[in-house]
Amino acid sequence: MKKIALITGINGQDGSYLAELLLEKGYYVHGILRRNSVAENQTARLDDIFHHERLELHYGDLTDLASLIHIFQHVQPYEIYNLAAQSHVRISFDIPIHTSQVDAIGVLNIFEACRIACPYAKIYQASSSEMFGNCVDDDGFQRETTPMRPVSPYGCSKVYAFNIGRNYRHSYNMFISNGILFNHESPRRGSNFVTSKIVQGVIAIASGEAKKLHLGNLEARRDWGHAKDYVYAMWMMLQQDSPNDYVCATGVSHSVRDCCEYVFNKFGMNYEDYVVLDKKYLRPEELHDLKGDASKIREELGWKPEYTFESLMDDMIISNENYNKVVGNIYTPYDAVR
């Protein structure tokens, strides 16, 4: 029997790593792309697998139910990974309606299309630590039972998607698992996300192409992991006999300031000489600290992250296209785990 999987948002950070993982495991992988007028840049993260004989791409959109039904009927996937989203939290304040249409109603469209076209399929729904907002348990962690009080349009949309997934699970006996993933990064992270922005900014300063790095709230703390570890967790969730909801996190948080200090130090620089607080990067309502307790997925599925914060940042630094042009013998990498 063919193992057939479908990934929405396949050309994103998580989608591209997940596609590689599934192809390595012998899957036939189908991906949904949203039409982009600049097609040359749309599949850049898929360059290594673009011509793979078991990979097929389709144009579709989460806000277009008809396109989803058509694709699901054609592909008949056994596993569906819904990773497509308007995924930038700060930008969700600028485009809240679009964010809600994609991240909330778009997810409902996925469930409806599956219920109509392939109700037997197992679905992974990408939930987010942003759903918790500033609500933290007494021990300083967030877990599956922590109340959800989001502080952004993105987080609010993800809460709707999380709950409608649970509703469809119970109402229609569908296999829908929510992965409540905390922040995860990689060399494929978009340039407008803070970890990527810091790495690119520091290398630009080190090369003389920039003088300052403009950032928002330096005290915001996040539980940062590597996307490679987290897509493996997604796959594990769909290999179970029953659907469930799992927090996926490292259990260690660092501030944006910590991230700046680490990367600048690698190039022999003091971040305080270069980082500028820019109010335009501040959120209307700030989320202060995210730190996840992944005990459930560790104990029930045996998942654990292999990357640390340090080895994650090193991977992002070393993989930067301008790294070799800048560093020479300045940079001494952290001991990599892979």
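Residues numbered from 1 in each chain as written. Predicted model: local features only at pLDDT ≥ 70, side-chain atom pairs only at ≥ 80, totals over all residues. Heavy atoms only, no water.

Peer 1: Sorry, what's going on with the nonpolar core here?
Peer 2: The tendency in soluble globular proteins is for nonpolar side chains to be buried side by side. Membership of the largest hydrophobic core comes to 36 residues, with the highest contact counts inside it found for Ile-7, Leu-18, Leu-22, Val-29, Tyr-81 and Tyr-124. Taken together, the elements giving at least two residues each to this core come down to strand S1 (4-8), helix H1 (13-24), strand S2 (28-33), strand S5 (122-128), strand S6 (175-181), helix H8 (227-237), strand S11 (245-248) and helix H10 (295-301). The element best represented in this core is H8, accounting for 8 residues. Ignoring anything within four residues of it in the chain, the contact list for Leu-22 reads Ala-5, Ile-7, Tyr-27, Val-29, Tyr-81 and Trp-235. (Core = buried A, V, L, I, M, F, W, Y, C linked by side-chain atoms within 4.5 Å. Buried < 20%, exposed > 50% of the residue type's maximum accessible area, 1.4 Å probe, protein only. Helix = DSSP H or I, 4+ residues; strand = E, 2+ residues; numbered from the N terminus. Contact = heavy atoms within 4.5 Å.)

Peer 1: Looking at this structure, I do not really get unusual backbone geometry. What am I missing?
Peer 2: Residues other than glycine predominantly adopt negative phi, and peptide bonds predominantly adopt the trans conformation. Of note in the backbone geometry, Gln-76 takes a positive phi value of approximately 50° without being a glycine. Summarising the element assignment, Gln-76 is placed in the loop between helix H3 (65-75) and strand S4 (79-82). At Asn-173, a position not held by glycine, the phi torsion is positive, near 55°. Its location among the elements puts Asn-173 in the loop between helix H6 (153-172) and S6.

Peer 1: It is not clear to me how the packing of helix H7 (residues 194-206) against helix H9 (residues 256-266) should be interpreted in this structure. Could you clarify?
Peer 2: What describes two packed helices is the angle between their axes and the distance between those same axes. Closest axis-to-axis distance for the H7/H9 pair is 10 Å, and the angle between their directions is 35°. The crossing of H7 and H9 is right-handed. Of the residues in H9, those in contact with Val-194, Thr-195, Ile-198, Val-199, Val-202 and Ile-205 of H7 are Val-256, Cys-259, Cys-260, Val-263 and Phe-264. Across the contact of H7 with H9, the residue classes tally to 10 nonpolar, 1 polar and no charged. (Axes fitted to C-alpha atoms, helices over the stretch in contact; angles between N-to-C directions. Left-handed = near helix turned anticlockwise from the far one by under 90°. Nonpolar A, V, L, I, M, F, W, Y, C, P; charged D, E, K, R; others polar.)

Peer 1: Would you mind showing me how to read the packing of aromatic side chains here?
Peer 2: In this description, an aromatic ring pair is defined by two values, namely the gap between the centres and the angle between the planes. Summed over the entire model, instances satisfying the criterion amount to 9 aromatic pairs. The interplanar angle of 40° and the centroid separation of 5.9 Å between the aromatic rings of Phe-111 and Tyr-168 together place this pair among those described as tilted. With Phe-111 in helix H5 (residues 96-117) and Tyr-168 in helix H6, this pair connects stretches of sequence that are 57 residues apart. In this structure Phe-111 comes out as buried when scored by relative accessible area, which is 0%. Between Tyr-230 and Trp-303 the ring centres are 5.7 Å apart and the planes differ by 90°, which places this aromatic pair in the edge-to-face class. You can see Tyr-230 sitting in helix H8 and its partner Trp-303 sitting in the loop between H10 and helix H11 (309-318), a full 73 residues away along the chain. Like Tyr-230, the residue Trp-303 is buried in the burial classification. A connected cluster of aromatic rings, assembled from ring pairs, spans Phe-111, Tyr-168 and Tyr-172. We note Lys-197 situated over the ring of Tyr-281; from NZ or CZ to the ring centre the distance is 3.3 Å. (Phe/Tyr/Trp six-rings, centres within 6.5 Å; stacked < 30°, edge-to-face > 60°. Lys NZ or Arg CZ within 6 Å of the ring centre and 35° of its normal.)

Peer 1: Would you mind showing me how to read the confidence of the model for the chain here?
Peer 2: The predicted coordinates of low-pLDDT regions are not to be read in fine detail. Looking at the chain, pLDDT values average 93 and 95% of them are 70 or higher. pLDDT under 50 marks residues 334-338. Its contacts with residues more than four places away, or in other chains, come to 13 contacts. (pLDDT = per-residue confidence, 0-100.)

Peer 1: What should I look at first to understand the sheet that holds S4 in this one?
Peer 2: Through backbone hydrogen bonds, the strands of a sheet pair up, either in parallel or in antiparallel fashion. Pairing in this open sheet of 7 strands is parallel, and the strands run S3-S2-S1-S4-S5-S6-S11 from one edge to the other. Since the sheet does not close on itself, it has two edges, and those belong to strand S3 (55-59) and S11, each with one partner. Ignoring which end each strand starts from, the neighbouring axes of this sheet average 20° apart. When S1 meets S2, the two strands line up parallel, connected through 5 bridges. (Pairing = 2+ DSSP bridges.)

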